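Analysis of the macromolecular model
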Amino acid sequence: MGFWPWTKTKQVKAAVNSPLYVRGRYDAAQTTPDNRKHWAAADGLSANAANLPHVRRVLRNRARYEVANNSYARGIVLTLANDTIGTGPSLQMLTGDDAVNALIEDAFNRWAEAINLADKLRTMRMARAESGECFILLVANPQVDSPVKLDLQLIEADQVATPYEAVGRRPKAEGVSASASGLQPTAFVDGIVFDSYGNPVLYHILKNHPGERGVFTDLKSDPIPAASVIHYYCTDRPGQSRGIPDITPALPLFAQLRRYTLAVVSAAESVANISILMKTNAPAGGEAAEVEPMTEMEFVPNMAVFTPEGWEPSQVKAEQPATTYEMFKREILNEIARCLNMPFNVAAGNSSGYNYASGRLDHQTYYKSIRVDQEQIGRIVLDHVLRAWFEEAVLIPNLLPPELKNTPFSELGHQWFWDGQEHVDPAKEANAQATRLASNTTTLAYEYARQGRDWEDELRQRAKEVALMNKLGLTVAQVTPSAAKPKTETNNDQNTSKRAA
């Protein structure tokens, strides 16, 4: 491996020979009797060593269990996938030829509908949240109702693993000519073979899922070239090769939330099950009828019941749920959602404590995180898929213009549009949008892109509408509904806006 000569040799030798004295001191670096237990699990493992197969397996199993059994966990993961993917991405080609752009976009959109691309992307995003990663295998599916038979097969993280017969051996790029770059494979990282530069050469995908019943003795794998596999995960550390669930930091909190809720319900049920509690103020051996402790007495409705001598009936006072029950759940949910950059009202599905200004402030971080995820999906997943689709589509007669056969994919400019985020107050947003356009601080392309729409398509549609209105003798005012007068901000909204400013 070659390295760039950033420093001169003499400067390096001078730096090595000069004595160094460390005078810094950090409180967090000190180990004391008070913090010894807290930092006992801290280690210096590398990214791959910290995410060994058995560690990731435990995290996956626990995350899937919570998502399957915890309503909040299920809702958070599902909301995250829906907000990120929405109804699916839209392709806009930027070749400079409107006719060619329209042909490519129309053909790709019809293929995307045929393979249910949006559904697979939502499943992929959910898999990353609860399993840490998802593998997409590019396959030829003759059942696809499209001239292009390319299909996407989603593979769970469990199914990509180093085969037993290859453990402890030098990896071989079976079925691959040393790799496209001519580099020899050097190491396995749990099912992935890398070259000396860290590029994946091939993936070992087990023929059967390890959790499938009856296949524990037949866990053989197929080596798949890296060009046919898309690995979608979040890289938290340099050198990290496999992903861990997005909700990993929240798993203990989900457990606490469920335990606390069950404990409160159990305590409330225990008290509610006791209709009448008999008590006496008489001392032991005093003037009161002898009653065996914990004796139960069945009361018959509409009947007069006489209590034993010296005993008085009373009801147990219900102490659960306490007044802090709602506060505790709110704080736990807020902490759970923080690792996903999700505001509390989205995680809880409850905005009763929000006003307009605070809602906008909390959603800014969330929407920015969504845009980052969408950019990553477009760059890692969709661009790879579009390239594979284009390379097959140009070979099909009468599907794309013939001149595209000699056009490299890298020269085809394009971008992806996603669903826009609905505004809390559409009237205020429309007024702000009009102001930005009037002051030339924005463009129609940008404003339409924020809504997940193609500005060229929208303008063409608007031109058709105006032409039809002129043909029918209608004016814009006649077909435009009257806008309701926007409500003024309340004092609470104004004060919050001032604090935010």
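Residues numbered from 1 in each chain as written. Predicted model: local features only at pLDDT ≥ 70, side-chain atom pairs only at ≥ 80, totals over all residues. Heavy atoms only, no water.

Before going further, it helps to examine the pairing of strand β5 (residues 192-195). Going residue by residue along β5, you find Ile192 and Phe194 tucked away on one face and Val193 and Asp195 tucked away on the opposite face as well. Pairing of β5 with strand β6 (residues 200-206), which is carried by 3 bridges, proceeds in the antiparallel orientation. When the bridges of β6 are listed, Val193 appears paired with Leu202. Linkage of β5 to β6, two consecutive antiparallel strands, is achieved through a turn of 4 residues, within which Gly198 is found at a positive phi near 85°. (Buried < 20%, exposed > 50% of the residue type's maximum accessible area, 1.4 Å probe, protein only. Helix = DSSP H or I, 4+ residues; strand = E, 2+ residues; numbered from the N terminus. Pairing = 2+ DSSP bridges.)

The subject of this paragraph is the nonpolar core. Soluble globular proteins: nonpolar side chains tend toward being buried together. Formed by 41 residues in total, the largest nonpolar core has its most connected members in Trp111, Ile377, Val381, Trp389 and Leu400. For this core, the elements supplying multiple residues, two or more each, are β1 (90-93), α5 (98-114), α6 (117-131), β2 (133-140), β3 (150-155), β8 (229-233) and α10 (356-393). Ranked by residue count, the leading element in this core is α10, at 9 residues. Residues contacting Val381, with those up to four places away along its chain left out, are Leu121, Met124, Ile136, Ile230, Tyr232 and Gln376. Of all hydrophobic cores here, the second largest spans 29 residues; its members include Ala81, Ala250, Phe344 and Ala347. (Core = buried A, V, L, I, M, F, W, Y, C linked by side-chain atoms within 4.5 Å. Contact = heavy atoms within 4.5 Å.)

This paragraph deals with helix α11 (residues 426-438). Compared with the 18 Å implied by 1.5 Å per residue over 13 residues, the 18 Å span of α11 between its first and last C-alpha is a close match. Immediately beyond the C-terminal end of α11, within one or two residues, lies Asn440, with a positive phi of roughly 60°. (Expected span 1.5 Å × (residues − 1).)

Attention now moves to a nonpolar patch on the surface. Side chains of Leu437, Leu444, Trp455 and Leu459 sit close together on the surface and give an oily, nonpolar patch of about 290 Å² of accessible area. Within the secondary structure, Trp455 sits in helix α13 (residues 455-472). Trp455 sits in the partly exposed class, given a relative accessible area of 31%. (Patch = residues over 30% accessible without salt bridge, like charges linked within 9 Å, V, L, I, M, F, W, Y side chains within 5 Å. Areas by Shrake-Rupley, 256 points an atom, 1.4 Å probe, with all protein chains shown as cover. Salt bridge = Lys/Arg side-chain N within 4 Å of Asp/Glu carboxyl O.)

Turning to α5, a few remarks are in order. If you check α5, its first and last C-alpha atoms are 24 Å apart, about what 17 residues at 1.5 Å a residue would give, namely 24 Å. Against the buried residues of α5 lie β1, α6, β3, α10 and β11 (414-417). Sitting at the amino-terminal end of α5 is Asp97, which places a side-chain oxygen 3.1 Å from the backbone nitrogen of Ala99. Where α5 ends, the next residue or the one after it, Asn116, has phi of about 60°, a positive value. (Polar contact = N/O pair within 3.5 Å; in protein donor to acceptor, adjacent residues only side chain to side chain.)

Next up on the list: the layout of surface pockets. A volume near 1,200 Å³ is recorded for the largest pocket. Lining of the largest pocket is provided by 33 residues; of these, Arg371, Gly420, Gln421, Arg450 and Gln451 occupy positions nearest its centre. Those elements that place two or more of their residues in the lining of the largest pocket are α10, β11, α11 and α12 (444-450). For the lining of the largest pocket, the leading source of residues is α10, giving 10 residues. (1 Å grid on protein atoms, 1.4 Å probe; cavity = no way out; pocket = protein on both sides within 12 Å on 5 of 7 lines; lining within 4 Å. Points joined across faces, edges and corners; volume = space filled by probe spheres on them.)

With respect to burial, β6 is a largely interior element, 6 of its 7 residues being buried. In this structure, β6 lies alongside strand β7 (residues 221-225), joined through 5 bridges in antiparallel fashion. Bridge pairing in β7 links Tyr203 to Ile224.

Contact geometry of helix α3 (residues 53-69) with helix α7 (residues 251-272) gives a least axis separation of 10 Å together with a crossing angle of 40°. Between α3 and α7, the angle is such that the two are oblique. Of the two possible hands of crossing, α3 and α7 adopt the one that is left-handed. Here Leu59, Arg62, Ala63, Tyr65, Glu66 and Asn69 of α3 lie close against α7, whose contacting residues are Leu251, Phe254, Ala255 and Arg258. The class makeup of the residues in the contact of α3 with α7 is 6 nonpolar, 1 polar and 3 charged. (Axes fitted to C-alpha atoms, helices over the stretch in contact; angles between N-to-C directions. Parallel < 35°, antiparallel > 145°, perpendicular 65-115°, else oblique. Left-handed = near helix turned anticlockwise from the far one by under 90°. Nonpolar A, V, L, I, M, F, W, Y, C, P; charged D, E, K, R; others polar.)

In short, geometric facts, not functional conclusions.
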